[in-house]
Structure formats: C-alpha cells, structure tokens
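If you want the building blocks of each chain, they are given just below.
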Amino acid sequence: MSFDFSVLSSEHLLDAPIISVRRDLVTMPTGEANREIVEHFGAIAVVCEKDGAIALEKQYRHSVGAHLWELPAGLLDKPGETALECAQRELKEEVGLAAGSWALITDLVTSPGFCDEAVRIFHATDVSKTLRPEAEDEEADLTWEWVPLDTARRMVLDGEICNSIAIAGIMCCGGKERSVDTPFSLRPVALADRKRALQAGGRP
C-alpha cells in the first residue's frame, strides 16, 4: 500500500504571465517537507509529417541561450481551447501548415520533480499549406524545414536535437497511436484556475 502524500498548506510565491510558483507543505513517510511547484498551462507539440519528412523548427530559447531544433509547439493558455484545437492553431501560426488527419502519439510530463507541465504530442498528416500570421517576439526569428524522419532520429542520437519534447515525438512517431479524443488526464489546471480567479476578482 502506497503512502498518502497529502498537502497540509500551500503558499503562493510568484505570479508571472506563463507560470506561477507555489510552496506546498506535504506529508512524507518520515515527516513533513516543503515542495516548490512551478505551475504551467501545459502545452502541445506536433510531429507534422509529409512524404516521410517532418517539419522541424529552429528557435531561440533564452533560458539556455541557444537556437534549438524543435517541433511546432505551443501553450495551452487559451480558455476553452482543446489540445487538438491548440495544435491546429500552432501548426498554422508557426509554420503555415494545416493537416487533414490527426492522431495522438503520447503525453508526457517534462519536469515532474518541480513542475506540473504536461505536453500532448500529436501526429499530423495529409498536410497542406495555409496562411501563416505575422510572427512576434522569438517566433519572428523562427525558421523551419522538412527533415526526413530517419534523419531527425539520427539527429537525436547524435545530440543535435536536445529538446526533450521533440525527442519524445520523433522517437515515438510510427509506434502505436491513439485517438485525439483520448482524455488528457495529465493536463495541468492549477495555473489556469488561478488566472481565472484573479480575472474574476477572487482569491487565487
């Protein structure tokens, strides 16, 4: 029988546009301990495949000070938007593509030791071009290209692709897929609930 890790108290430490930080006092098998948690909206990523090649982006990431190879991806930060709707929007906004067929590759948690971020990765096929909106901030510098899936896998193994979400999507693509309607039970809700409470004038 597993131990019941229960929260005795919770303190809000930081509020920012795309994250929030809280400190929970949690019961442990040997007593009590504080755990700082980064609250996140959650995100999606897309392995967009056409003729055996996938759309790979190169985008600047300030946290590591480098341009990284990544999949088209984005935050689940729009109220009422499903993960699939977010994926369709981000694919259009980032690379100007649309897809007629969608499947679920996998769900993953990126840093469960301190963050509740979960990411749903989709496989998009039957691809066509669409109008890409004007980009802002880092995305204005974003470039992308079609890369054969086998080449992308070699890039992962050679260390050229180090983004964990991209690695998961690339290496899992071609395996068992699930319906896009599969419940996203890992999708975080704490930050979205906090933002809604603040907008409504209540306490987070």
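Refer to the preceding data block for the structure.
Residues numbered from 1 in each chain as written. Predicted model: local features only at pLDDT ≥ 70, side-chain atom pairs only at ≥ 80, totals over all residues. Heavy atoms only, no water.

1. Structural notes on unusual backbone geometry
The criterion, for reference: Strands are runs of DSSP state E lasting at least two residues, helices are runs of H or I lasting at least four, and both sets are numbered from the N terminus onward. Each residue is assigned to one of three classes by its accessible area relative to the maximum for its type, calculated with a 1.4 Å probe on protein chains only: buried under 20%, partly exposed between the two thresholds, exposed over 50%.
You will see that Asp-51, though not glycine, has its phi angle at about 55°, which is positive. With respect to the element layout, Asp-51 can be found in the loop between strand 4 (43–50) and strand 5 (53–61). Positive phi outside glycine occurs at Asp-126, with the angle close to 55°. Positionally, Asp-126 belongs in strand 9 (residues 118–129). Given the relative accessible area of 57%, Asp-126 is considered exposed.

2. Details of the pattern of salt bridges
A side chain with one charge can pair with a side chain of the opposite charge if their charged atoms come near. We count it as follows: For salt bridges, the criterion is a side-chain nitrogen of Lys or Arg within 4 Å of an Asp or Glu carboxyl oxygen.
Tallied over the entire structure, the rule returns 13 salt bridges. Here Arg-89 makes a salt bridge to Glu-90, at a shortest N to O gap of 3.2 Å. Glu-90 shares its class with Arg-89; the two are buried. For Arg-89, the salt bridge goes to Glu-93, with nearest N and O atoms at 3.4 Å. Of the two residues, Arg-89 and Glu-93 both sit in helix 1 (residues 83–95), four residues apart, roughly one turn of that helix. By relative accessible area, which is 26% here, Glu-93 ends up partly exposed.

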